[in-house]
Amino acid sequence: MEAVVVNALSKTYGQGATRAVDNVSFAVSKGELFGLIGPDGAGKTSIFRMLTTVLLPDGGSAAVDGLDIVKDYKEIRNRVGYMPGKFSLYPDLSIEENLNFFATVFNTTVEENYDLIKDIYVQIEPFKKRRAGKLSGGMKQKLALCCALIHKPSVLFLDEPTTGVDPVSRKEFWEMLRRLKEQNITIVVSTPYMDEATLCDRIALIQNGKILSIDTPANVVASYPDTLYALRSEPMFALLQAVEHYPHTRNSYAFGEYMHASFTDGVGEDEVKNYLREQGIAAVEMKKTTPTIEDCFINKLKN
Amino acid sequence: MRTILFLLQKEFKQIFRNRAILVMISVMPVVQLMVLPLAANYEVKNINLCVVDHDHSTTSQKLINKIISSGYFKLTGNAPSFHEAFPLMESDAADLILEVPQNFERNLVREDEQKLFVAVNAINGTKANLGGAYLGSIIRDYNREIRLDWNVPGRFNAAPVIDISSSNWFNPLLNYRVFMVPGILAILVTMIGGFLTALNIVKEKEVGTIEQINVTPLRKHHFILGKLIPFWVLGNVVFTLGLLVAWAIYGIVPVGNLIVLYVFVGVYLLAVLGFGLLVSTFCDTQQQAMFIMFFFMMIFILMGGLFTPIDSMPEWAKLISRFNPVSYLISVMRMVVLKGSDLHDVRVHLGIVALFAVVLNGWAVLNYKKTT
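Residues take numbers from 1 onward in each chain, read along the sequence in its written order. All chains are assigned letters beginning with A, and all ligands numbers beginning with 1, in the order in which they are written. With the structure being a predicted model, the display of local features is reserved for residues of pLDDT at least 70 and the display and counting of side-chain atom pairs for 80 or more, all residues being used for whole-chain, interface and lining totals.

Identification of chain B as ABC-2 type transport system permease protein from Chryseolinea serpens is taken from an unreviewed UniProt entry. UniProt positions are given in the numbering used here, feature names are shortened, and annotations may be inferred rather than shown by experiment. For the record of chain B, the UniProt heading Sequence similarities (unreviewed entry) holds the text "Belongs to the ABC-2 integral membrane protein family."

The name an unreviewed UniProt entry assigns to chain A is ABC-type multidrug transport system, ATPase component, from the organism Chryseolinea serpens.

Right, dumping it as structure tokens:
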């Protein structure tokens, strides 16, 4: 059974001026970790807010746990956990008080579902008397996750949970999500970080309110159409410009300390190096590389 | 029920952790009640008087002495002519110019009639009005005196005279404070109730906590009750504090029953909280809420009959003040505190305020949406 079914969902703002969500359809199976990957302003938050019943769609339909998001909104609110992108717990209440508050609001107690949050809660428990507003970014995220989980939701919606969190905490956070998945909780997560995409079971690449593709991260990578090269030279800028102006270049962009580029069929390493030598760039390090999600995303955007 | 109790617990925790609000609640009524009734006073004193005496006679001297000794006037200038006195008025050194004509005394004796000229600086309307009236009555009084002195009365009083003696009911000494304190207390209760409710809910929007609340199964009326009850309690606390201050500092003890006051304030607070709630549903930031509340508060206070009586307002203003909940509380406060009115006497007021409470809260609940 599908935990989330989205069918041609649309949302426009400002009397139809901005199509934030444009005819989006996807389905998430029970127990799946599904990622919405896209840059800021792609429409991720609008999709989340519609699925958690706080925003009404303009068109299309969606169901969470088999319940319609417009008709059965009351029941959905009992069953989903939502962690908004912006920290939205009470900053003037302590960790303990926030957790108790949300447990009561969902008509349950912390003890009842303690096993679900135990792994996460023990990390912040030493500070349970501290006010939520005074916590570090990583601890705030952990507390927010606890509060979203306290009623044992069947579907968990996490809107950019790792934005503004340090790399170590980010890694920990994804580790926690993996453990939650084992408890058969469906998780829909959005992120602008491409490296986190590989940690999802399936991902939807989204841009300007439209879904570009939905597949497993491995398939997304495998479906990259060309051979991708990583190039490096000193100075880097001349190389970037030269490759960009090469008539056989399909894609070229800076990627960390290298640049990534793909070329039209039949153009290999030798042809490129020859061309670069003609341009006066001799010392070039060039190697084949496996595309990442980011490469696939850039490729999808260009075509 | 458990949910409501928990919501209340959370709300009170947050209020007691907010120093600024606690200080506002406890200090504001005390300080305002101590300062305002003493400072805001209708009696006009220290009216600056400039005299242009062309006569320099005993009679004119006596008249001027009488005016100064009344205590309301301060002689700030003596000018030889009106022309030279006028700059004093222009520079605000004189509020009134009294001109005594030449041969005032002689003509008064000869012709039994004389004229005085009074010029009033009307920039400050209240001061000019009252100053002119005071001066008029002092001169009338002086007029009567000289008539008694000069005319030896006959055996029978020739001219029939109607003598008026009046007595002031409910406030025999015309004590201004007895009249002001209940009114100011009414404003305080309104401010605390209205502002705090509006700002509190808008704060949840601003911080983003409402987003998290909206996706929970928490019922709309639970959330709203959880917000109203704490501020209803606080409103009553402020009211009680105000009554204590009125008693301790001004010795004002309500003539009427305290229960009548509390019943009325209880219902009234519901209306004011409903108003705050309604404002909060239209605002997204505390700044917006603050400005909207301020706009209405100014109208409520100035048109509520605290400083100027509603009866003397033009018809359209009277109509507006009928939709002003503050005017009902001010009126009832004065009725109960000064006159000792009971529930039966204030039943119309109570009914109207209850109607306000129902309409404002109903509107607010309809307008408060968990979904956008």
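Still to come is the rest of the account.
Visitor: Talk me through the overall build of chain B; I want residue IDs and the actual numbers.
Guide: A tally of regular secondary structure across chain B gives 14 helices and 4 strands. The reference for a compact globule is 2.2 Å times residues^0.38; the radius of gyration itself is calculated from the C-alpha atoms. On C-alpha atoms alone, chain B measures out to a radius of gyration of 28 Å, which is more than a quarter above the 21 Å that the 2.2 N^0.38 rule sets for 372 residues. Expressed as lengths along the three principal axes of its C-alpha atoms, the size of chain B is roughly 95 × 45 × 40 Å. As a rule, residues whose C-beta atom has 12 or fewer other C-beta atoms within 10 Å are exposed, those with 20 or more are buried, and those in between are partly exposed; C-beta atoms are placed from the backbone. Buried positions account for 31% of the 372 residues belonging to chain B. We call two residues in contact if the C-beta atoms placed from their backbones are at most 7 Å apart. Within chain B, contacts between residues separated by at least 24 positions form 79% of all contacts whose residues are at least 6 apart in sequence. Secondary structure follows DSSP: runs of H or I at least 4 residues long count as helices, runs of E at least 2 residues long count as strands, and numbering of each begins at the N terminus.

Visitor: How would you sum up the overall build of chain A? Please name residues and give values.
Guide: Assigned secondary structure in chain A consists of 10 helices and 14 strands. The dimensions of chain A, computed from C-alpha atoms along their principal axes, are 70 × 45 × 35 Å. Within chain A, buried positions represent 43% of all 303 residues. Sequence separation of 24 or more characterises 70% of the internal contacts of chain A that already satisfy a separation of 6 or more.

Visitor: Give a detailed account of the UniProt feature "domain: ABC transporter" (unreviewed entry) in chain A, specifying residues and quantitative values.
Guide: The sites that UniProt annotates as "domain: ABC transporter" (unreviewed entry) are residues 4–233 of chain A. A helix fraction of 31% and a strand fraction of 29% characterise residues 4–233 of chain A, whose end C-alpha atoms lie 48 Å from each other.

Visitor: Describe the sheet that holds strand S2 (residues 73–78) of chain B, with residues and values.
Guide: Residue and element names in this part refer to chain B. Whether two strands pair comes down to DSSP finding at least two bridges between them. Overall, mixed pairing links the 4 strands, which are arranged S2-S1-S3-S4 in an open sheet. Each of the sheet's edge strands pairs with one partner strand only, and the pair in question is S2 and strand S4 (117–120). The mean angle between the axes of side-by-side strands here comes to 25°, regardless of whether they run parallel or antiparallel. Inspection of the sheet shows strand S1 (residues 47–53) paired to S2 by 5 bridges, in the parallel sense. Lines fitted to the C-alpha atoms define the axes, with helices restricted to the stretch that makes contact. Angles between their N-to-C directions range from 0 to 180 degrees.

Visitor: Which residues make up the interface of chain B and chain A, and what values do they have?
Guide: Taken together, the contact pairs 19 residues of chain B with 23 residues of chain A. Those elements that place two or more of their residues in the side of chain B that touches chain A are helix H1 (2–17) and helix H8 (209–214) of chain B. A per-class count over the side of chain B that touches chain A returns 5 nonpolar, 9 polar and 5 charged. For this scheme, ten residues count as nonpolar: Ala, Val, Leu, Ile, Met, Phe, Trp, Tyr, Cys and Pro. Four count as charged, namely Asp, Glu, Lys and Arg, and the remainder, Gly too, count as polar.

Visitor: Any details on the UniProt feature "transmembrane region" (unreviewed entry) in chain B? Residues and values, ideally.
Guide: Residue and element names in this part refer to chain B. This chain's UniProt record puts "transmembrane region" (unreviewed entry) on residues 20–39, 179–202, 228–253, 259–279, 291–310 and 348–366. The span residues 259–279 is 100% helical and 0% strand by assignment, and the distance between its end C-alpha atoms comes to 30 Å. Secondary structure within residues 348–366 divides into 100% helix and 0% strand; the distance between the first and last C-alpha atoms comes to 27 Å.

Visitor: Help me get a handle on the packing of helix H2 (residues 19–39) of chain B against helix H7 (residues 176–207) of chain B, residues and values and all.
Guide: Each pair of packed helices can be described by the angle between their axes along with the distance between the axes. Residue and element names in this part refer to chain B. Two elements in contact, H2 and H7, have axes separated by 9 Å at closest approach and are oriented at 160°. Comparing the axis directions of H2 and H7 gives the class roughly antiparallel. Regarding H2 and H7, the two cross each other, and that crossing is right-handed. Contact residues: H2 offers Ile21, Ile25, Met28, Pro29, Gln32, Leu33, Leu36 and Pro37, while H7 offers Arg177, Met180, Val181, Ile184, Leu185, Leu188, Ile192 and Leu196. For this classification, under 35 degrees means roughly parallel, over 145 means roughly antiparallel, 65 to 115 means roughly perpendicular, and everything else is oblique. Helix crossings fall into two classes, left-handed where the near helix is turned counterclockwise from the far one by less than a right angle and right-handed where it is turned clockwise.

Visitor: Tell me what's going on with the domain arrangement of chain A, and back it up with residues and numbers.
Guide: All names here are of chain A. What marks off one domain from the next here is an automatic or database domain assignment. Taken domain by domain, chain A consists of domain 1 (2–221) and domain 2 (225–302). The C-alpha-based centres of domain 1 and domain 2 are spaced at 37 Å. Facing the 11 residues of domain 1 at the interface are 8 residues of domain 2. Counting residues per element, the side of domain 1 that touches domain 2 draws most heavily on helix H7 (residues 217–222), which supplies 3 residues. In terms of residue class, the side of domain 1 that touches domain 2 is built from 8 nonpolar, 3 polar and no charged.

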